[in-house]
Amino acid sequence: MTCLHGRHTEPVLFRELTGDNWTLADYMTRGGYGQIRRILDGRMPAERIVAEVRAAGLRGRGGAGFPTAVKWGFMPKAHAGQTYLICNADESEPGTFKDRDILRYNPHAVIEGMLIAAYAMGITAGYVYVHGEIWSVYERFEEAIGQAREAGFIGKNLMGSGFDFELHAVHGYGAYICGEETALLESMEGKRGQPRFKPPFPAANGLYGQPTTINNVETLAYVPFIMAMGGNHWAALGREGCPGTKIFSLSGDVVFPGNYEVPLGISFAELLALAGGVKGGRKVKAVIPGGSSSPVLRGETMLRLNMDYDSIAKAGSMLGTGGVIVLDETRCMVKSLLNLSRFYRNESCGQCTPCREGTGWLVKLIERIERGDGKPDDLDLLDSVASNIQGRTICALGDAAAMPIRSFLKCFRQEFEYHVEHKQCPVASGGQA
């Protein structure tokens, strides 16, 4: 794990962490649980907490970037039954690996964030849904929950305030689709992990049919720090118009892959430099800026951009989870796309026909092009199949499979055409794509 910082701010979530100081005692020496104590001791109004989160400009760090304070406001104020807060730790987007490091190195920040969020929304029960293939992280988080419960931060009448909050960890079984919030709910209820139709949305009909708020690990972990420094101060850690800090997971052809907590809005060029630049001093050919489901951009385009939601969106992609995959000039774009497309074919839950059937067709077409059997019409057919998947499925997995196809064709069509015309890769043959 790499936890560096930008030129104008120190890390927040990863500050003063060495890898072995994750326990409750360690967290409390860093001021941990001080904010929930302050809130409960002073009977702080829930509206004040929401106002600080709003002032911070905190947006969901799980991919959608939805304003957190707005999402919290969707929860009903007076509900007769149980309500729930769920932390979505089913991190399985290729290129994204930040949440597991937060749970591994700073788990109590997530727990305190959930306590504060639950208090603000009047919720008394929470769950953390952990991706099934990171079992050691799940075990550590279970241990952290046990430490917090023993210290009196989880349970009934916390600190004599009258506020109750119970928290449990739940592990998935490694299905990518369960990162989608309603598929996650189905899985937690013991059903097959398949997305639900929306509406109704979880805030109205979530876990066991009750109002539920679902937030990402990174989103919740920032909440105690926002309350400690104040929303406006936290917002000022980012670049102009880009509030706060963000963890970017850099992988691919960089010298030092890892997690980098930096000001939101940092330039891609600065972020790349923190990771040591491209391996071997080669050029950046392509970048997937927000996890594998976000559209690819050409390297020269990325080098002109800042890492914020609006800048990346205007360029035709998404900041998403912040999983930045860097591809250098030695990479074949057809083979790279094939690798991504096989993942989405394998992870489709099969509920929607366009996704179930279409993802398989996409793989067959790209395989044909990659092995030298492509036909001149295959590129238009590939784009047509992708366009008939995009926007036609219950959840966004269909879009996640289709958008990389269409963006690779848009940005690197000449390379695909070379494969079809010359029956070989221009990168391997030294040809001009």
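Residues numbered from 1 in each chain as written. Predicted model: local features only at pLDDT ≥ 70, side-chain atom pairs only at ≥ 80, totals over all residues. Heavy atoms only, no water.

- The name an unreviewed UniProt entry assigns to the protein chain is NADH-quinone oxidoreductase subunit F, from the organism Oxalobacter aliiformigenes.
- The heading Catalytic activity (unreviewed entry) in the UniProt record of the protein chain holds the text "a quinone + NADH + 5 H(+)(in) = a quinol + NAD(+) + 4 H(+)(out)". (UniProt positions renumbered as here; feature names shortened; annotations may be inferred.)

## A closer look at the overall build of the protein chain
(1) Moving on: Helix and strand counts for the protein chain come out as 18 helices and 9 strands.
(2) Moving on: Here the C-alpha atoms of the protein chain give a radius of gyration of 22 Å, agreeing with the 22 Å that 2.2 N^0.38 yields for 433 residues.
(3) Moving on: Along the first, second and third principal axes, the C-alpha set of the protein chain runs to 75 × 45 × 35 Å.
(4) Moving on: Residue pairs at least 24 apart in sequence account for 69% of intrachain contacts in the protein chain once pairs closer than 6 positions are excluded.
(5) Moving on: About 17500 Å² of surface is accessible on the protein chain, with carbon and sulfur atoms providing 50% of the total.
(6) Moving on: Where the 45 positive side-chain charges of the protein chain centre and where its 47 negative ones centre are 3 Å apart. (Helix = DSSP H or I, 4+ residues; strand = E, 2+ residues; numbered from the N terminus. Rg over C-alpha atoms; globule rule 2.2 N^0.38 Å. Contact = heavy atoms within 4.5 Å. Areas by Shrake-Rupley, 256 points an atom, 1.4 Å probe, with all protein chains shown as cover. Lys, Arg positive; Asp, Glu negative; His and termini not counted. Charge placed at Lys NZ, Arg CZ, Asp CG, Glu CD.)

## Digging into helix 14 (residues 333-347)
(1) Moving on: Between its first and last C-alpha, helix 14 extends 21 Å over 15 residues, near the 21 Å set by a 1.5 Å rise per residue.
(2) Moving on: For helix 14, every residue scored as buried is listed here: Met333, Val334, Ser336, Leu337, Leu338, Leu340, Ser341 and Tyr344.
(3) Moving on: Buried-residue contacts for helix 14 involve strand 7 (284-288), strand 9 (323-328), helix 15 (353-370) and helix 17 (397-422). (Expected span 1.5 Å × (residues − 1). Buried < 20%, exposed > 50% of the residue type's maximum accessible area, 1.4 Å probe, protein only.)

## Focus: the environment of threonine 96
(1) Moving on: When you line up the elements, threonine 96 lands in the loop between strand 1 (84-89) and helix 5 (98-105).
(2) Moving on: Sequence separation between threonine 96 and leucine 362 is 266 residues; the distance between their C-alpha atoms is 23 Å.
(3) Moving on: Not counting residues up to four positions away in its chain, the partners in contact with threonine 96 are Glu91, Ser249, Gly291, Thr321 and Gly323.
(4) Moving on: A polar atom in the side chain of threonine 96 sits 2.6 Å from the side chain of threonine 321. (Polar contact = N/O pair within 3.5 Å; in protein donor to acceptor, adjacent residues only side chain to side chain.)

## Here's the deal with the sheet that holds strand 8 (residues 297-298)
(1) Moving on: Spatially, the 5 strands line up as an open sheet ordered 6-5-9-7-8, and their pairing is mixed. The sheet terminates laterally at strand 6 (258-263) and strand 8, the two strands that pair on one side only.
(2) Moving on: Looking at chain direction, strand 5 (residues 245-252) and strand 9 are connected through 4 bridges and run parallel. Its bridge partner lying in strand 9, glycine 252 is registered against valine 326.
(3) Moving on: The sheet contacts of helix 5 involve strand 5 and strand 6, and relative to strand 5 the element is tilted by about 115°. (Pairing = 2+ DSSP bridges. Axes fitted to C-alpha atoms, helices over the stretch in contact; angles between N-to-C directions.)

## Digging into the pattern of salt bridges
(1) Moving on: Following the criterion strictly, the structure yields 26 salt bridges and no others.
(2) Moving on: Between glutamate 218 and lysine 98 there is a salt bridge; the shortest N-O distance is 3.0 Å. Here glutamate 218, found in helix 9 (residues 217-229), pairs with lysine 98, found in helix 5; they are 120 residues apart in sequence, far enough to count as distant.
(3) Moving on: For lysine 98, a relative accessible area of 1% corresponds to the buried category.
(4) Moving on: Residue arginine 356 pairs with glutamate 357 through a salt bridge whose shortest N-O separation is 3.1 Å.
(5) Moving on: Exposure remark for arginine 356: the relative accessible area of 36% places this residue in the partly exposed category.
(6) Moving on: A relative accessible area of 34% means that glutamate 357 is categorised as partly exposed.
(7) Moving on: Taken together, the shared-partner salt bridges in this structure form one network comprising Arg61, Lys98, Asp99, Glu218 and Lys246. (Salt bridge = Lys/Arg side-chain N within 4 Å of Asp/Glu carboxyl O.)

## Regarding the sheet that holds strand 3 (residues 166-171)
(1) Moving on: Spatially, 3-2-1-4 is the arrangement adopted by the 4 strands of the open sheet, whose pairing is parallel. Every other strand in the sheet has two partners, leaving strand 3 and strand 4 (212-216) as the edge strands with one partner each. Averaged over all pairs of adjacent strands, the angle between strand axes in this sheet comes to 20°, irrespective of strand direction.
(2) Moving on: Bridge count for strand 1 against strand 2 (residues 125-130) is 6 bridges, and the pairing is parallel.

## Description of the packing of helix 16 (residues 378-389) against helix 17
(1) Moving on: Interhelical geometry of helix 16 versus helix 17 gives an angle of 170° and a closest axis separation of 9 Å. Regarding the angle of helix 16 to helix 17, the classification is roughly antiparallel. Together, Leu379, Asp380, Leu382, Asp383, Ala386, Ser387 and Ile389 of helix 16 and Gly398, Asp399, Ala402, Ile405, Arg406, Leu409, Arg413, Phe416, Glu417 and Val420 of helix 17 make up the contact between the two elements.
(2) Moving on: For the contact of helix 16 with helix 17, a count of residues per class yields 9 nonpolar, 2 polar and 6 charged. (Parallel < 35°, antiparallel > 145°, perpendicular 65-115°, else oblique. Nonpolar A, V, L, I, M, F, W, Y, C, P; charged D, E, K, R; others polar.)

## What to know about the layout of surface pockets
(1) Moving on: If you add up the space inside the largest pocket, you get close to 1400 Å³.
(2) Moving on: Lining the largest pocket are 50 residues, and of these Gly62, Gly63, Ala64, Gly179 and Glu180 lie nearest its centre.
(3) Moving on: In terms of residue count, the dominant contributor to the lining of the largest pocket is strand 4 (5 residues).
(4) Moving on: Across the lining of the largest pocket, the residue classes break down as 19 nonpolar, 20 polar and 11 charged.
(5) Moving on: Each pocket or cavity is described by its volume, and for the second largest pocket that value is around 390 Å³.
(6) Moving on: Lining the second largest pocket are 20 residues, and of these Val12, Arg15, Arg30, Phe225 and Met229 sit closest to its centre.
(7) Moving on: For the lining of the second largest pocket, the element with the most residues is helix 9, which contributes 4 residues.
(8) Moving on: Considering only residue class, the lining of the second largest pocket consists of 9 nonpolar, 6 polar and 5 charged. (1 Å grid on protein atoms, 1.4 Å probe; cavity = no way out; pocket = protein on both sides within 12 Å on 5 of 7 lines; lining within 4 Å. Points joined across faces, edges and corners; volume = space filled by probe spheres on them.)

## Here's the deal with the side chain of threonine 219
(1) Moving on: Tracing the backbone shows threonine 219 in helix 9.
(2) Moving on: We classify threonine 219 as buried; its relative accessible area is 1%.
(3) Moving on: A polar atom in the side chain of threonine 219 sits 2.8 Å from the backbone nitrogen of arginine 61.
(4) Moving on: With near-sequence residues (within four places) excluded, threonine 219 lies in contact with Leu58, Arg59, Gly60, Arg61, Gly62 and Thr68.

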